[in-house]
Structures are given as structure tokens and as C-alpha cells.
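Each chain is listed here by its residues.
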Amino acid sequence: EFESFLMMDTDGSGLIDLDEFKTALKSKGYNFSDYFFKYIVDEICNRTKKNGIQFDNYIRVAARFDYLLHYYNNTPYFQKNSLEEYLRKTFFQDFW
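Residues numbered from 1 in each chain as written. Predicted model: local features only at pLDDT ≥ 70, side-chain atom pairs only at ≥ 80, totals over all residues. Heavy atoms only, no water.

Before we go on, may I ask you to explain the overall build of the protein in this structure?
Regarding its fold elements, the protein presents five helices and zero strands. Listed by position from the N terminus, the elements making up the protein come as α-α-α-α-α. Over its C-alpha trace the protein gives a radius of gyration of 14 Å, about what one expects of a compact globule, namely 12 Å for 96 residues. With the C-alpha coordinates of the protein rotated into their principal frame, the extents come out at 45 × 25 × 20 Å. Here the protein holds 96 residues, and the buried ones make up 40% of them. In the structure as shown, the protein presents an accessible area of about 6000 Å², 50% of it carried by carbon and sulfur atoms. When the 12 basic and 15 acidic side-chain charges of the protein are each reduced to a single mean position, those positions are 7 Å apart. (Helix = DSSP H or I, 4+ residues; strand = E, 2+ residues; numbered from the N terminus. Rg over C-alpha atoms; globule rule 2.2 N^0.38 Å. Buried < 20%, exposed > 50% of the residue type's maximum accessible area, 1.4 Å probe, protein only. Areas by Shrake-Rupley, 256 points an atom, 1.4 Å probe, with all protein chains shown as cover. Lys, Arg positive; Asp, Glu negative; His and termini not counted. Charge placed at Lys NZ, Arg CZ, Asp CG, Glu CD.)

Would you explain the packing of helix α3 (residues 34-48) against helix α4 (residues 55-73) in this entry?
Helix-helix packing is described using two parameters, namely the angle between the two axes and the distance between the axes. In contact at an axis separation of 12 Å, α3 and α4 are set at 135° when each is read in the N-to-C sense. Judged by the inter-axis angle, α3 sits oblique to α4. Here α3 runs over α4; the crossing is right-handed. Here Phe 36, Ile 40, Ile 44 and Thr 48 of α3 lie close against α4, whose contacting residues are Asn 57, Val 61 and Phe 65. (Axes fitted to C-alpha atoms, helices over the stretch in contact; angles between N-to-C directions. Parallel < 35°, antiparallel > 145°, perpendicular 65-115°, else oblique. Left-handed = near helix turned anticlockwise from the far one by under 90°. Contact = heavy atoms within 4.5 Å.)

What's the story with the environment of Phe 5 in this structure? I'm lost.
Considering the arrangement of structural elements, one finds Phe 5 in helix α1 (residues 2-8). Residue classification places Phe 5 among the buried residues on the basis of a relative accessible area of 2%. Residues Phe 5 and Ala 24, 19 residues apart in the sequence, show an inter-C-alpha distance of 8.3 Å.

How should the nonpolar core be read in this particular structure?
Ranked by size, the top nonpolar core spans 25 residues in total, and within it Phe 21, Ile 40, Tyr 58, Phe 65 and Leu 87 carry the most contacts. For this core, the secondary structure elements donating two or more residues are α1, α2 (18-27), α3, α4 and α5 (83-90). Apart from the residues within four sequence positions on either side, Tyr 58 is in contact with Glu 1, Phe 5, Met 8, Ile 16, Phe 21, Ala 24, Leu 25, Lys 28 and Ile 53. (Core = buried A, V, L, I, M, F, W, Y, C linked by side-chain atoms within 4.5 Å.)

Is there a simple way to think about the packing of α3 against α5 in this case?
Packing of α3 against α5 brings their axes to within 11 Å, and their N-to-C directions diverge by 10°. The angle between α3 and α5 places the two elements in the roughly parallel class. Residues Tyr 35, Phe 36 and Tyr 39 of α3 form the contact with α5, whose own contacting residues are Glu 84, Leu 87 and Arg 88.

Just checking my understanding: could you explain the confidence of the model for the protein for this structure?
A low pLDDT score tells you not to read the predicted coordinates there in detail. For the protein, per-residue confidence averages 86 on the pLDDT scale, and residues scoring 70 or more make up 94% of the total. At the low end of the mean pLDDT range in the protein sits α5, at 82; at the high end sits α3, at 93. (pLDDT = per-residue confidence, 0-100.)

Encoded structure:
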């Protein structure tokens, strides 16, 4: 994963910005709206006081998406909100 992160970090800053983050997650099959990607990056940047996402937080984000998507996909249909709404409500619970 670290080599992949370095390849995504096209400016060599040690951080991935919104565009790099979107590209990385879309390559993993996460096709969220631009608004949702911006929401995630803004929240992480606000909490870490950085201008991008560091490698350790990128790994945590990817693992969190995998976990929440697995849970969401195993939730009965009638109990589901939209995927992005569900992730906005749950993504940062117990994340920090």
C-alpha cells in the first residue's frame, strides 16, 4: 500500500489532496459523488490540521470504507438509506 500511496502523491508532498484521494478510491471501485469525497477530505484535514491525508490516515480511511461497506451490504434493504448518507452518518463514529 505504501508504494501505491507514493504513486498517488503526485506532488511528492507526503500528503494526498482531494484529487489524488478521489483518483485513489475510484481506482478501488468507490464511485462516490465529488461532494462526498470533499466531505471526507475536509473532515480529515480539519481534524489533523494538515492540508491533505497522510499515509496512516489513508490506510485507516480505506479500511473504514471496507468495513462500513461490508456492513451496509449486509443490511436488509428496507433499513437502508442511500450509501453516501449512511457513510456520512457513520464514517467518523469511533474513527479517532
